[in-house]
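# Survey of secondary and tertiary structure
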Amino acid sequence: MALQGREPTIADVVSIAVECVDCGRNRWWKPDQLKRFGVTRQTPLAALSGRIICSACRADGLPGGTVSIQAAFIDDRQRTLAEARMLNSREVPLERSKRA
């Protein structure tokens, strides 16, 4: 989840459910699949509705901009485990203690 007092961004989610209100089409997308809409990891979730369009409606000549978005957030435990794996994989030399 996002830190308290900070707006959630794409970096905080595992996937995004996008449903077109007009045609009912529903898709789950990973955050990296949203690059074609100009979405980066720092993009706030609130800004997604203005960027994502329904391609099926667009193909039929409809605007396709009426979409409902729901985010599946990263579980705090999953985040902790991923950070621990990342830190364990790094080769960082340890400083020696400077005690007398």
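Keep in mind that what you see is a predicted model, and the values were worked out from it rather than measured.

## Notes on the overall build of the chain
- Looking only at helices and strands, the chain has two helices and three strands in total.
- Once local pairs closer than 6 in sequence are excluded, the contacts in the chain between residues at least 24 apart make up 59%.
- Of the roughly 7700 Å² of accessible surface on the chain, a fraction of 51% belongs to carbon and sulfur atoms.

## Things to note about the environment of glycine 24
- Relative to the assigned elements, glycine 24 resides in the loop between β1 (13–20) and β2 (26–29).
- Residues glycine 24 and valine 67 lie 43 residues apart in sequence; the distance between their C-alpha atoms is 9.2 Å.

## As for the sheet that holds strand β3 (residues 67–73)
- The three strands lie next to each other as β2-β1-β3, forming an open sheet whose pairing is antiparallel. Every interior strand has two partners, whereas the edge strands, β2 and β3, have only one. Neighbour-to-neighbour, the strand axes of the sheet open up by a mean angle of 20°, direction not taken into account.
- Where β1 meets β3, seven bridges bridge the pair, whose relative direction is antiparallel. Note on β3: the bridge partner recorded for isoleucine 16 is alanine 71.

Parameters at a glance
Residues numbered from 1 in each chain as written. Predicted model: local features only at pLDDT ≥ 70, side-chain atom pairs only at ≥ 80, totals over all residues. Heavy atoms only, no water. Helix = DSSP H or I, 4+ residues; strand = E, 2+ residues; numbered from the N terminus. Contact = heavy atoms within 4.5 Å. Areas by Shrake-Rupley, 256 points an atom, 1.4 Å probe, with all protein chains shown as cover. Pairing = 2+ DSSP bridges. Axes fitted to C-alpha atoms, helices over the stretch in contact; angles between N-to-C directions.

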